[in-house]
Amino acid sequence: MKLYFIKTAAYIIVALILAACEEKKFHISGNITNAKDSVLYLENMSLDGPVKTDSVKLGEDGAFSFNGAKPEAPEFYRLRINTQIINISIDSTETVTIKARYPEMALQYTVEGSKNCLKIKELTLRQMSLQQKLDEIVRNPEIGVTATEDSVRKLVDAYKQDIARNYIFKEPMKAYSYFALFQTLGNVFIFDTRITSDDVRVFGAVATSWDTYYPNTLRGQNLHNITIEGMKNRRILQSRNGGIDPAKINTTNIIDIVLPDNHGAMRRLTDFHGKVIFLDFHLFSSENSTERIMMLRELYNKYHDGGLEIFQVGLDEDEHFWKQQTAALPWICVRATSENANDIIIKYNVQKLPTFFLIDRNNILYKRDVQMKDFEAELRSLL
């Protein structure tokens, strides 16, 4: 009898331990149909980028189930098949159920068990809608460059105000508010503390809440650092703007770019008045860079004597690599650093690389790449 009680007690203890361990896990499960034999990945969206946590090869019914340790603070994951992604946040030990159909899973899915995940779905769909509207404007050949940039700016500003008011400021401590801060258009952050003081306040609201609700967490510290850095940058800019020499203000309708070239000399975009400028935003570390540079060499050799100048803005992080790649190029090569790259690509609405613009001899933006069906014919018309 004594042995029986000992065994029973042992079983109860083991069961309690297993139950306690189970209670400290979150669960993500559901079905993604029409994806038989596809691999579904669960990836943790860490501060250093996506990290594969688990994966499963889907069967006929598309059923899946993932578990993970309870996070100390809201954590972010995504379900991915190829390029189709569903973003998820995990606060504690909730069970989140996702149902979708491949290959439309990123756009059409249902989620249960998490208010944050529902809000993240809303934000994702709204960002996709904004991106689609911007693409339609940018690709419209009937709209001039100035009108395009104005329309883009108004749409993005309206989106930011709406998201800040109805999501972030409403519940800044929530995971979906954190998610909203880091939405992008192409490779550009929608909210950027280096651009406006309003964006600093938006980040500050979430950072303050995370300092209160989730102290000493990596994400909270990251928010805090971004906000402080943004405040510092805004003070520097305000100080500089207070001493602007009116004689140096550019009165053309293009946004000036002033950056050091690959020989260390400062180059100003507006210094080439009288030339037709091919303004190019390029990443030399990209896969097709060599092929494109060869194309630009042919273009330069063909039209340079007729008045064409190439002003190429490199966006590579590695300065030494960029200098090596541009050492033998005959045109103007400048590089945007991490401190000023976002400011420039936001102002020019660069959503993919490479992207280029044509600027006429009067320093007036003519068209961007997607607005030209026959690029060389339009270039010759300006020359």
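Structure first, text after, so check above.
All values reported here derive from a predicted model rather than from experimental measurement.

Quick look at the environment of L123
Structurally, L123 can be placed in helix α2 (residues 115–138). Spatially, the C-alpha atoms of L123 and Y176 are 8.2 Å apart, while their sequence positions differ by 53 residues. Leave out the neighbours within four places in its chain, and L123 touches Y159, I163, Y167, Y176, F179, A180 and Q183.

A few points about the sheet that holds strand β2 (residues 39–46)
In space, the 4 strands of this open sheet follow the order β3-β2-β5-β6, with antiparallel pairing throughout. Strand pairing shows two members of the sheet lacking a second neighbour, β3 (49–57) and β6 (84–90), which therefore form its edges. For this sheet, the mean angle separating the axes of adjacent strands, direction not counted, is 25°. For β2 and β3, the ladder comprises 8 bridges, and the chain directions are antiparallel. When the bridges of β3 are listed, V39 appears paired with K57.

Notes on the pattern of salt bridges
The final tally for this structure, using the stated rule, is 19 salt bridges. A salt bridge links R201 to D198, with the nearest nitrogen and oxygen atoms 1.9 Å apart. Pair noted here: R201 and D198 are both in helix α5 (residues 197–213), with a separation of 3 residues, about one helical turn. Two residues, K323 and E319, come together in a salt bridge whose shortest N-O distance is 3.6 Å. You can see K323 and its partner E319 sitting in helix α8 (residues 319–326), 4 residues apart, about one turn around the helix. K323 sits in the partly exposed class, given a relative accessible area of 38%. With relative accessibility at 39%, the residue E319 sits in the partly exposed group. In the salt-bridge network here, residues are joined through shared partners; they are E43, R78 and R80.

Some remarks on unusual backbone geometry
Y102 connects to P103 through a cis peptide bond whose omega is 10°. Here P103 lies in the loop between β7 (95–101) and β8 (109–112). The peptide bond linking L353 to P354 adopts the cis configuration, its omega dihedral lying at 0°. Within the fold, P354 resides in the loop between α9 (341–347) and β16 (355–359). Residue N216 is not a glycine yet carries a positive backbone phi of 65°.

What to know about the packing of aromatic side chains
As enumerated under the stated definition, the model contains 16 aromatic pairs in all. Their ring planes at 45° and their centres at 5.1 Å tell us that Y178 and F182 sit as a pair that is tilted. The exposure class of F182 is partly exposed, given its relative accessible area of 26%. Across from the ring centre of Y176, 6.0 Å away, lies the NZ or CZ of K119, which sits over that ring.

With respect to the pairing of β16
Burial analysis of β16 places 5 of its 5 residues in the buried class, which makes it a mostly covered element. Taking every second residue as pointing to the same face, both faces of β16 are buried, with T355, F357 and I359 on one and F356 and L358 on the other. As paired elements, strand β13 (residues 276–282) and β16 share 5 bridges and run antiparallel to each other. Its bridge partner lying in β16, F278 is registered against L358. Bridge count between β16 and strand β17 (residues 365–368): 3 bridges; the pairing is antiparallel. Across the sheet, residue L358 finds its bridge partner in β17, namely K367. Counted between consecutive antiparallel strands, the loop separating β16 from β17 contains 5 residues, among which N363 sits at a positive phi close to 65°.

Each value, and the rule that gives it
- Residues numbered from 1 in each chain as written.
- Predicted model: local features only at pLDDT ≥ 70, side-chain atom pairs only at ≥ 80, totals over all residues.
- Heavy atoms only, no water.
- Helix = DSSP H or I, 4+ residues; strand = E, 2+ residues; numbered from the N terminus.
- Contact = heavy atoms within 4.5 Å.
- Pairing = 2+ DSSP bridges.
- Axes fitted to C-alpha atoms, helices over the stretch in contact; angles between N-to-C directions.
- Salt bridge = Lys/Arg side-chain N within 4 Å of Asp/Glu carboxyl O.
- Buried < 20%, exposed > 50% of the residue type's maximum accessible area, 1.4 Å probe, protein only.
- Phe/Tyr/Trp six-rings, centres within 6.5 Å; stacked < 30°, edge-to-face > 60°.
- Lys NZ or Arg CZ within 6 Å of the ring centre and 35° of its normal.

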